[in-house]
Amino acid sequence: MLVDGITLMHEHTTIDLSEVKNTEDCQLDVFNETVKEYKKLYENGVRNIVDVTVFGMGRNIPFVQKIADESGINIIYSTGFYQEEFYPIQVFRETREQLVERMVNEINQGIKGTGVKAEIIGEIGTSYNVWTDTEKKVFEAVVIAHQETKKPITTHTSIGTLGHEQVDFFKKHNVDLNRVVIGHVDLTGNADYILKMLKAGVYVEFDTVGKESYMPDRTRAEILKKIQDAGYIDRVFLSMDITRKSHLEYKGGLGYNFLLDSFIPLLNSHGLTDDSIEKMLATNPMVFMNQ
Ligand SMILES: [Zn+2]
């Protein structure tokens, strides 16, 4: 359950993709530095972080709980399976129904025996321009888990690809598109592509703010202005998807507070209204998560 205030809808307090990515930088587990940045987030008005670290991505629930306690930030935990490149062996071995059971247990009983319950499904992903058979099995399992638990769904698209296909999939499986957010859409760099998804009825996330090597923030701002003009700003969330030690301030990265300190002023200068910004940061996540 979200509390009143700003919500970052797509972050990782801890994540470990270091084995596959072959660099220790991708093991994000730095307690003091994260607490420091989360405390600053709290001062900036952030009250909730949706932590989309799922099965096999190095979840450490007691660690995250301690960070929540120290910083005052309310963490929303998630369940699901990420994308094929990072699936643990169980995702390939188990049946669709077994995967459903894992997710339903994490929602109803708790994650890894902690009693901490997942409140959202995902990030669940497709690969770059490819939707593998195992990823299809995961998405089918997610539809069933969603129908059983009524929890919302958040997705990962690889560099923004297959967003339309994800929307079509949920539509075909009779999932209420009000309960679905398509992730990383800012990486398409394509306003028309994103507007088509919004018109279909899903939420979308501009959740890689600050990752200039993938997409300039100026482009993100220009597309958001177009979405505002088209009347769909009430279906958009903002986040940074911080996943590496080098993304944090202590390593010279932008840090979690860049979004509020730097990106929001950029949006202002591109004609985004205070009302639109309030919606993306606070109102929209509340409507989406608490419906
Ligand atoms: Zn992702």
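Quick caveat: nothing in here was measured; it's all calculated off a predicted structure.

Visitor: Would you take a moment to explain the environment of T155 for this structure?
Guide: Mapped onto the secondary structure, T155 falls in strand β8 (residues 153-156). Taking the C-alpha atoms as reference points, T155 and D192, separated by 37 residues in sequence, lie 20 Å from one another. Residues in contact with T155, not counting those within four places in the same chain, are H10, E123, I124, F139, Q166, F170, V181, I182 and G183. Of the polar contacts made by the side chain of T155, one reaches the side chain of Q166; its length is 2.6 Å.

Visitor: Would you take a moment to explain the UniProt feature "binding site: a divalent metal cation 1" (unreviewed entry) in the chain for this structure?
Guide: Mapped onto this numbering, the UniProt entry annotates "binding site: a divalent metal cation 1" (unreviewed entry) at H10, H12, E123 and D241. Of the residues just listed, which span 232 residues, no C-alpha pair is farther apart than 11.0 Å, and they cluster in one region. Residue position: H12 is located in the loop between β1 (6-11) and β2 (15-16). The class for H12 is buried, based on a relative accessible area of 1%. Leaving out residues up to four positions away in the same chain, H12 has contacts with L28, Y38, D51, V52, T53, M57, E123, D241, I242, T243 and Y256. Reaching out from H12, the side chain makes a polar contact with the side chain of T53 at a distance of 2.8 Å. By secondary structure assignment, the location of E123 is in strand β7 (residues 120-125). Exposure remark for E123: the relative accessible area of 1% places this residue in the buried category. Beyond its immediate stretch of four places on either side in the chain, E123 contacts H10, H12, V52, V54, M57, F81, Y82, T154, T155, H156 and H184. Polar side-chain contacts of E123 include one of 3.0 Å to the side chain of H12.

Visitor: Sorry if this is basic, but what is going on with the UniProt feature "binding site: a divalent metal cation 2" (unreviewed entry) in the chain here?
Guide: The sites that UniProt annotates as "binding site: a divalent metal cation 2" (unreviewed entry) are E123, H156 and H184. Across 62 residues of sequence, these annotated residues stay compact in space, with a maximum C-alpha separation of 10.5 Å. Take H156: it is sitting in strand β8. Assessed through its relative accessible area of 7%, H156 is described here as buried. Aside from chain neighbours lying at most four places away, what touches H156 is Y82, Q83, E123, I124, G125, T126, Q166 and H184. Note that H184 resides in the loop between β9 (180-182) and α8 (191-200).

Visitor: Sorry if this is basic, but what is going on with the packing of aromatic side chains here?
Guide: The description of two aromatic rings rests on the distance between their centres and on the angle between their planes. Enumeration according to the criterion identifies 13 aromatic pairs in this entry. Between the aromatic rings of F31 and F63, the centroid separation amounts to 5.6 Å while the plane-to-plane angle is 80°, which identifies the pairing as edge-to-face. One end of the pair, F31, is in helix α2 (residues 31-43); the other, F63, is in helix α3 (residues 61-71), and 32 residues separate them in sequence. Of the two residues examined, F31 and F63, each falls in the buried class. Seen from their ring centres, Y38 and Y256 are 5.1 Å apart, and the 85° between their planes marks the pair as edge-to-face. One end of the pair, Y38, is in helix α2; the other, Y256, is in the loop between β11 (236-238) and α10 (258-269), and 218 residues separate them in sequence. Judged on exposure class, the residue Y38 and its partner Y256 are both buried.

Rules behind the numbers
- Along each chain, residues carry numbers from 1 onward, in the same order as the chain's sequence is written.
- Note on the predicted model: pLDDT of at least 70 is required for a residue's local features to be given, and 80 or more for side-chain atom pairs to be given and counted; whole-chain, interface and lining totals, by contrast, use all residues.
- Each side-chain value is worked out from all heavy atoms of the structure, with water and hydrogens disregarded.
- Secondary structure counts use DSSP, requiring at least four H or I residues in a row for a helix and at least two E residues in a row for a strand, with both numbered from the N terminus.
- Two residues form a contact once any of their heavy atoms are found within 4.5 Å.
- As used in this structure description, the phrase polar contact means that two N or O atoms lie within 3.5 Å; if the pair is within protein, one of them must be able to donate a hydrogen and the other to accept it, and residues adjacent in sequence are counted only when both atoms belong to side chains.
- UniProt positions are given in the numbering used here, feature names are shortened, and annotations may be inferred rather than shown by experiment.
- Remark: exposure states derive from per-residue accessible area (1.4 Å probe, protein chains only) relative to the maximum for the residue type, with buried under 20%, exposed over 50%, and partly exposed in between.
- Any Phe, Tyr or Trp ring, taking Trp's six-membered ring, that has another such ring centre within 6.5 Å forms a pair; planes under 30 degrees apart are called stacked, those over 60 apart edge-to-face, and the others tilted.

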